[in-house]
Amino acid sequence: MNPMVEFCISNLANGSQEAFDILEQDPDLDVLEYGCLSYCSLCSETLFAIVNGDVVEGESSEDLVAKIYKYIEENPLF
């Protein structure tokens, strides 16, 4: 089972698309996009993704990618 990284399509439009594109290339991740993840206030304020059910935020796409990988490393599925 791979870690799951979920993105809101609105947040992709707000700047997290680059992070999505980078993470989507990793065969060890399941990267998904949804129409809405119901985090509208967060979505309008920052870049974020849901990683295995938890919110991970970043200042930029590069920062978001780094924080997602750090989260996965510190919170293994097994």
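Before reading further, recall that the structure is shown in the block above.
To keep things clear, this report deals only with the structure shown in the data block. (Residues numbered from 1 in each chain as written. Predicted model: local features only at pLDDT ≥ 70, side-chain atom pairs only at ≥ 80, totals over all residues. Heavy atoms only, no water.)

Digging into the overall build of the chain
Right, so step 1: Across its full length, the chain carries 3 helices and 4 strands.
Right, so step 2: Reading the chain from its N end, one meets helices and strands in the order β-α-β-α-β-β-α.
Right, so step 3: Expected size for 78 residues packed as a compact globule is a radius of gyration near 12 Å; at 11 Å, the chain falls within 12% of this value.
Right, so step 4: In terms of its C-alpha atoms, the chain occupies a principal-axis envelope of roughly 30 × 20 × 20 Å.
Right, so step 5: Considering the chain as a whole, with its 78 residues, one finds that 40% of them fall into the buried category.
Right, so step 6: Intrachain contacts of the chain at a sequence separation of at least 6 include 60% that bridge at least 24 residues.
Right, so step 7: Put simply, the chain shows about 4,600 Å² of open surface, and 50% of that area lies on carbon and sulfur atoms. (Helix = DSSP H or I, 4+ residues; strand = E, 2+ residues; numbered from the N terminus. Rg over C-alpha atoms; globule rule 2.2 N^0.38 Å. Buried < 20%, exposed > 50% of the residue type's maximum accessible area, 1.4 Å probe, protein only. Contact = heavy atoms within 4.5 Å. Areas by Shrake-Rupley, 256 points an atom, 1.4 Å probe, with all protein chains shown as cover.)

Section: the state of the cysteines
Right, so step 1: By the definition in use, this model includes 0 disulfides.
Right, so step 2: No disulfide involves C8; its sulfur sits 3.9 Å from the nearest other cysteine sulfur, which is in C43. (Disulfide = S-S within 2.5 Å.)

Details of the sheet that holds strand β3 (residues 47-51)
Right, so step 1: Taken in spatial order, the 4 strands line up as β2-β1-β3-β4 in an open sheet, and their pairing is mixed. The outermost strands of the open sheet, each flanked by one partner alone, are β2 (30-34) and β4 (54-58). Across the sheet, the mean angle separating the axes of adjacent strands is 30° when strand polarity is ignored.
Right, so step 2: In this structure, β3 lies alongside β4, joined through 5 bridges in antiparallel fashion. Residue A49 lies in a different strand from β4, and its bridge partner there is V56.
Right, so step 3: Lying over the sheet, helix α1 (residues 9-24) contacts β1 (4-8), β2 and β3, oriented at roughly 150° with respect to β1. (Pairing = 2+ DSSP bridges. Axes fitted to C-alpha atoms, helices over the stretch in contact; angles between N-to-C directions.)

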